[in-house]
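# Structure assessment
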Amino acid sequence: MKNLNMLISPPLQFEVLEHDQVIAKVKLDYMNQTVEVWQDDSVPPVFLPFPGKQKVLVSDVLDYFESRCIPRTRHHIEKVLQTLKLRDYVPTDIVKQTHGVLYDDYVWIRFSGEELTCADVHPRFASEQGLSSDLCKQ
């Protein structure tokens, strides 16, 4: 049983932000298959990770991560993964590196222990502020 526990990822905690405003906090416990979520009800639902969901499942979090990734079907996806130093398309691993940044909005993901701002991870926002994003320096 000890070896099985080594295969299960430790709990994952992250915040979802819109610009630099925390709009959701999530704690995902793979071992117990539980998810604790707080979402800011004053934020338009389109920005929230789980709008209207009473009970969030592990699969919902994984689906959310994938929605914040480059599509699996993208042309030359292997080269993109290679650039990220990944062998396989694993949304959690991709989002840990890209912070779920999409060009179309200013929503992004900050994981426990990170001290990042929107300008640190979002190239378009950084550009608008006259800064350069750390994400662009990789």
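Residues numbered from 1 in each chain as written. Predicted model: local features only at pLDDT ≥ 70, side-chain atom pairs only at ≥ 80, totals over all residues. Heavy atoms only, no water.

### What about the side chain of Asp40?
By the secondary structure assignment, Asp40 is in the loop between strand S3 (34-39) and helix H2 (58-67). Buried charged residue Asp40 carries no salt bridge. Nearest counter-charge: Lys25, at 10 Å. Within the local environment of Asp40, its side chain forms a polar contact with the side chain of Gln21, the two groups lying 3.4 Å apart. Leave out the neighbours within four places in its chain, and Asp40 touches Gln21, Val22, Ile23 and Leu48. (Helix = DSSP H or I, 4+ residues; strand = E, 2+ residues; numbered from the N terminus. Buried < 20%, exposed > 50% of the residue type's maximum accessible area, 1.4 Å probe, protein only. Lys, Arg positive; Asp, Glu negative; His and termini not counted. Salt bridge = Lys/Arg side-chain N within 4 Å of Asp/Glu carboxyl O. Polar contact = N/O pair within 3.5 Å; in protein donor to acceptor, adjacent residues only side chain to side chain. Contact = heavy atoms within 4.5 Å.)

### Things to note about the environment of Val95
Following the sequence through the fold, Val95 ends up in helix H4 (residues 91-98). The exposure class assigned to Val95 is buried, which follows from its relative accessible area of 0%. If we ignore the near neighbours within four places in the chain, the residues touching Val95 are Phe65, Arg68, Cys69, Gly100, Ile109 and Phe111.

### Thoughts on the environment of Glu15
By the element assignment, Glu15 lies in strand S1 (residues 12-18). Once the C-alpha coordinates of Glu15 and Val37 are considered, the two residues, 22 residues apart in sequence, prove to be 9.7 Å apart. When neighbours within four sequence positions are excluded, Glu15 is seen to be in contact with Val22, Ala24, Lys25, Trp108, Ile109 and Arg110.

### Considering the pairing of S1
For S1, the buried fraction is high: five of the seven residues fall into the buried class. The pairing of S1 with strand S2 (residues 21-29) spans seven bridges and is classified as antiparallel. Bridge pairing in S2 links Phe14 to Val26. Two successive antiparallel strands, S1 and S2, enclose a turn made up of two residues, where His19 displays a positive phi of approximately 55 degrees. (Pairing = 2+ DSSP bridges.)

### Describing H4
Residues of H4 that are buried include every one of Pro91, Thr92, Ile94, Val95 and Thr98, and no others. On an axial view of H4, the arc spanned by its buried residues comes to 160 degrees, and they lie on one face. Note on H4: the residue one or two positions beyond its end, His99, has a positive phi of about 60 degrees. (Arc of directions from axis to C-beta.)

### Things to note about unusual backbone geometry
Even without glycine at this site, His19 takes up a positive phi of about 55 degrees. Considering the arrangement of structural elements, one finds His19 in the loop between S1 and S2. Given the relative accessible area of 27%, His19 is considered partly exposed. Phi is positive for His99, close to 60 degrees, though the residue is something other than glycine. On the secondary structure map, His99 appears in the loop between H4 and strand S4 (107-111).

Read these as geometric descriptors, not functional statements.
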